[in-house]
Amino acid sequence: MNRIEVENLNVYFDEAHILKDVNIKIPNNTVTSLIGPSGCGKSTFIRTLNRMNDLISGFRKEGSIFLDGNEIYEPSVDVVELRKKVGMVFQKPNPFPKSIFDNVAYGLKVHGINDKDVVEERVEESLKSAALWEEVKDKLDKSAMGLSGGQQQRLCIARTIAIEPEVILMDEPCSALDPISTTKIEDLIHKLKKEYTIVIVTHNMQQATRVSKYTAFFLHGEIVESGRTEKLFMEPEDKRTEDYITGRFG
Amino acid sequence: MLFRFISPKTSQKIMKTVFWASGILTIIILIIIIGYILLEGMKVINLEFLLSNPVDSGREGGIFPMIISSLYVTLISGLVAAPLGVGAAVYLTEYSREGHVIKLIRFGAETLASIPSIVFGLFGLSFFVVFLGLGWSVLSGGLVLALMALPTIFKVAEVSIDAVPESYREGSLALGSTKWQTVYRVVLPAAAPGITTGIILGMARSISEAAAILFAVGAAITVPISIFDPGRPLPLHLYIMATEGISLENAYGTAAVLVIIVLIITIVTNTLVERYQKKMMGR
């Protein structure tokens, strides 16, 4: 079953045509990688899935995006509810300047969950799911800004899964991290895909092959090719895909 | 250019000395002024001076009612100007896009900041005292001072809120918060140290002002009980004592008390702000 279906999506910022006729289906409980050179529209695409682009002036889109069969740009859709279902992890770890506990509890509080026992339980569960609990359990009241970059990124993942989304969008989550932290995040992605649908933007093609079942290759705002990851990397159908994955450009 | 004729090494040395001298001079001036006032003022300051009413127009006795008046007007100005200034700053940084209205608000705040304080005083008399019928009172005085503190608080708050990284806002919104939840739970706490400093700067200006309240608070030398009572804040008392030749010694005493209050407020807030920042950033 498909969690997300995108049909004929075109995105413009003022006059600039950023995404062109994008069609893609993102299946349930799998990892889908988006690869492509800088400026090809991967990040713009991922940000239309939780409507983060709504915040940018001049944003305009045509076409449809369905989450569980419902068009997410319908006027009746509550953006707050949508973002609760479609979480996002950013390129640069962006914990709030609050305690580790408060960072994870943030989403819960915002959505009206104030019961102390429930919040504590969820914070612990989320930190465990994000493979961070052992490292921070004795300093939950300390500021999250004191954590290392890799820990901060896992905290951001914990913060996202605390509100139990269906989809987690990851926009180059490892690009600011060292190799060891990157491995930890990738292990985490493998664990999380059992429960969540994950869409990950990555510059790192090895990462795409390691973590994802499906891959889409973006170039100049279009999806050139998409499908099973091993197929796309081993026997690409399009010449441009082949050139990109063999390192001839990008 | 003059520096063309001397070696880079020499010009580096000369400029370093010039900047060092400017820094040292600034501190020396500050120390001389504060030191002189404290030295002169300490001659008359004792517990009785702080806690008793003035006698014979201030030739004898203390300045207790003036301290209370000062606290009254400063507190009122802070209570009125802080929410207004911070509110306007939030609107400008979070809820509006750059445009004519925004430019107008910013221009308004800057103009407000450059109006001479005696003009504020005159406005206070005709608007708060007469038109609104608040009379000569610490309330009227506090409101005039609020207008004067407003641009400072607004400007500093705007800069602090603007300095909050965009990634915090994105992180919050991506978790399904509304704009207001993001402002209230993430942006304002992150900007709190700067905002607090702005409020204190504004209130420090309020507590030091004489001209602006000259026509608004009256000049009563009794302790104001309600906000509708007239009073005589420290700077005004100082002004009257000095210009009417009542007692220069007690004028210095008053000045010293004023300086000490401002110093205490500044040092205490700076300490608290630093502590909060350390906790927030985990250092």
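With an unreviewed UniProt entry as reference, chain A is termed Phosphate ABC transporter ATP-binding protein, source organism Methanobacterium alkalithermotolerans. For the record of chain A, the UniProt heading Subcellular location (unreviewed entry) holds the text "Cell inner membrane".

Enquirer: Before we go on, may I ask you to explain the overall build of chain B in this structure?
Expert: A count of helices and strands for chain B gives 10 helices and two strands. Seen through its C-alpha atoms, chain B measures out along the principal axes to roughly 65 × 60 × 40 Å. A separation threshold of at least 6 residues defines the contact pool for chain B, and within that pool the share at least 24 residues apart is 73%. Accessible area for chain B stands at about 15,100 Å²; split by element, carbon and sulfur atoms hold 72% of it. Side chains of chain B give 19 positive and 16 negative charges; the mean places of these two sets differ by 14 Å.

Enquirer: Can you walk me through the layout of surface pockets in this structure?
Expert: If a probe the size of a water molecule is rolled over the atoms, the empty space left behind becomes visible. For the largest pocket, the calculated volume is near 560 Å³. For the lining of the largest pocket, the class distribution of residues is eight nonpolar, six polar and 10 charged. Roughly 330 Å³ of volume is contained in the second largest pocket. Taken together, 21 residues form the lining of the second largest pocket, with A:Lys98, A:Ser99, A:Ser143, B:Lys279 and B:Met280 sitting closest to its centre.

Enquirer: What should I look at first to understand the packing of helix 3 (residues 64-95) of chain B against helix 8 (residues 179-207) of chain B in this one?
Expert: For any two helices packed against each other, the geometry is given by the interaxial angle and the distance between the axes. Residues and elements named next belong to chain B. Relative orientation of the contacting elements helix 3 and helix 8 amounts to 140°, with a least axis distance of 9 Å. Comparing the axis directions of helix 3 and helix 8 gives the class oblique. In the crossing of helix 3 with helix 8, the sense of the turn from one axis to the other is right-handed. In contact with Ser70, Thr74, Leu75, Ser77, Gly78, Ala82, Val86, Val90, Glu94 and Tyr95 of helix 3, helix 8 contributes Lys179, Trp180, Val183, Val187, Leu188, Ile195, Ile199, Met203, Ser206 and Ile207. Residue composition of the contact of helix 3 with helix 8, by class: 13 nonpolar, five polar and two charged.

Enquirer: What am I meant to see in the sheet that holds strand 6 (residues 86-89) of chain A here?
Expert: Strand pairing in a sheet takes place through backbone hydrogen bonds and is either antiparallel or parallel in direction. Residue and element names in this part refer to chain A. Read across the sheet, six strands follow the order 6-7-8-3-9-10 without closing on themselves; strand pairing throughout is mixed. Each of the sheet's edge strands pairs with one partner strand only, and the pair in question is strand 6 and strand 10 (222-228). Between one strand axis and the next, the sheet turns through 15° on average, direction left out of account. The pairing of strand 9 (residues 214-219) with strand 10 spans six bridges and is classified as antiparallel. Bridge pairing links Thr215 to Gly227 in strand 10. Docked against the sheet, helix 1 (residues 42-49) engages strand 3 (31-35), strand 6, strand 7 (167-171), strand 8 (197-201) and strand 9, running at close to 155° with respect to strand 7. Helix 6 (residues 149-161) rests against strand 6 and strand 7 of the sheet, and its axis sits at about 170° to strand 6.

Enquirer: What's the story with the domain arrangement of chain B in this structure? I'm lost.
Expert: A common way to express how large an interface is: the accessible area buried when the components associate. Residue and element names in this part refer to chain B. According to the domain assignment, chain B consists of domain 1 (2-42) and domain 2 (47-281). Distance between the C-alpha centres of domain 1 and domain 2: 31 Å. With seven residues of domain 1 at the contact, the number on the domain 2 side is six residues. Buried area between domain 1 and domain 2, both sides added, is near 570 Å², and the carbon and sulfur share of it is 88%. If you look at where domain 1 meets domain 2, you find zero salt bridges. At the boundary of domain 1 and domain 2, one finds zero residue pairs in polar contact (both at pLDDT 80 or more).

What counts, and at which threshold
Residues numbered from 1 in each chain as written. Chains lettered and ligands numbered in written order. Predicted model: local features only at pLDDT ≥ 70, side-chain atom pairs only at ≥ 80, totals over all residues. Heavy atoms only, no water. UniProt positions renumbered as here; feature names shortened; annotations may be inferred. Helix = DSSP H or I, 4+ residues; strand = E, 2+ residues; numbered from the N terminus. Contact = heavy atoms within 4.5 Å. Areas by Shrake-Rupley, 256 points an atom, 1.4 Å probe, with all protein chains shown as cover. Lys, Arg positive; Asp, Glu negative; His and termini not counted. Charge placed at Lys NZ, Arg CZ, Asp CG, Glu CD. 1 Å grid on protein atoms, 1.4 Å probe; cavity = no way out; pocket = protein on both sides within 12 Å on 5 of 7 lines; lining within 4 Å. Points joined across faces, edges and corners; volume = space filled by probe spheres on them. Nonpolar A, V, L, I, M, F, W, Y, C, P; charged D, E, K, R; others polar. Axes fitted to C-alpha atoms, helices over the stretch in contact; angles between N-to-C directions. Parallel < 35°, antiparallel > 145°, perpendicular 65-115°, else oblique. Left-handed = near helix turned anticlockwise from the far one by under 90°. Pairing = 2+ DSSP bridges. Domains from an automatic or database assignment. Buried area = accessible area lost by both parts, 1.4 Å probe. Salt bridge = Lys/Arg side-chain N within 4 Å of Asp/Glu carboxyl O. Polar contact = N/O pair within 3.5 Å; in protein donor to acceptor, adjacent residues only side chain to side chain.

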